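One letter stands for each residue in the lines below.
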Amino acid sequence: MKTIVFVCLGNICRSPMAEFVMKNLTDQLIIESRATSSWEHGNPIHRGTQAIFQQYHIPYNSQKTSQQITLETAEQADYIIGMDSQNIADLKKMLPERLHTKIHPFTTHSVPDPWYTGDFEETYRIVKEGCAVWKNRLL
Ligand code: 4NP
């Protein structure tokens, strides 16, 4: 099975949203999520993202906590998917050049960060569409 890793800045809002939306769409991929930063390390999924999971009946792991991406995780992944253009730029700075072919943007436009916008619904709509596109692309 292919392994994909969704990556955002904090790994508490957007990338865990993508992780569990995608897991709800397929069991034919190994799906993880990580942060570019260590800012939220050990912290749980944002309550706004958890509220989306509950509202739309998306199963998720409420014990999941933020983890920064490591070289090992990047090596094991087939696709490293950044949620916005800054995540892509940061991943390219953090990871050796031989891994750069694995780095892809989630969508052509950056996924808005509800940490700043407060709009988890808007982000969910974009994440849901984007995950459906990725599923078709990979399966
Ligand atoms: P995320 O959102 O990258 O979608 O998880 C953020 C979470 C935390 C921070 C920024 C964005 N922060 O500044 O701590």
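Residues numbered from 1 in each chain as written. Predicted model: local features only at pLDDT ≥ 70, side-chain atom pairs only at ≥ 80, totals over all residues. Heavy atoms only, no water.

- Looking at an unreviewed UniProt entry, the protein chain carries the name protein-tyrosine-phosphatase, with the source organism given as Streptococcus zhangguiae.
- Among the UniProt annotations of the protein chain, the heading Catalytic activity (unreviewed entry) holds the following wording: "O-phospho-L-tyrosyl-[protein] + H2O = L-tyrosyl-[protein] + phosphate". (UniProt positions renumbered as here; feature names shortened; annotations may be inferred.)

## Details of the side chain of S37
- Mapped onto the secondary structure, S37 falls in the loop between β2 (29–35) and α2 (47–55).
- Side-chain polar atoms of S37 contact the backbone nitrogen of W39, separated by 3.3 Å.
- With residues up to four places along the chain from it excluded, the contact list for S37 reads L9, G10 and Q68. (Helix = DSSP H or I, 4+ residues; strand = E, 2+ residues; numbered from the N terminus. Polar contact = N/O pair within 3.5 Å; in protein donor to acceptor, adjacent residues only side chain to side chain. Contact = heavy atoms within 4.5 Å.)

## Looking at helix α6 (residues 120–138)
- Along its 19 residues, α6 runs 26 Å from first to last C-alpha, staying within 8% of the 27 Å computed at 1.5 Å per residue.
- Looking at α6, one finds that the buried residues are F120, T123, Y124, V127, G130, C131, W134 and L138. Considered in projection along α6, the buried side chains sweep an arc of 140° and stay on one side of the axis. The outward face of α6, more than 90 degrees from its buried face, is lined by the exposed residues E129, V133 and N136.
- For α6, the N-terminal cap is D119; the gap from its side-chain oxygen to the backbone nitrogen of E121 is 3.3 Å. (Expected span 1.5 Å × (residues − 1). Buried < 20%, exposed > 50% of the residue type's maximum accessible area, 1.4 Å probe, protein only. Arc of directions from axis to C-beta.)

## Describing the site of the ligand
- Around the ligand lies a shell formed by C8, L9, G10, N11, I12, C13, R14, W39, E40, D113, W115 and Y116.
- The contact in question runs from an oxygen atom of the ligand to an N or O atom on the backbone of N11, over 3.2 Å.
- R14 places a side-chain nitrogen or oxygen 2.8 Å from an oxygen atom of the ligand.
- The protein chains hide 94% of the 360 Å² of surface that the ligand would expose on its own.
- Residue composition of the shell around the ligand, grouped by class: seven nonpolar, two polar and three charged. (Near = heavy atom within 4 Å. Areas by Shrake-Rupley, 256 points an atom, 1.4 Å probe, with all protein chains shown as cover. Nonpolar A, V, L, I, M, F, W, Y, C, P; charged D, E, K, R; others polar.)

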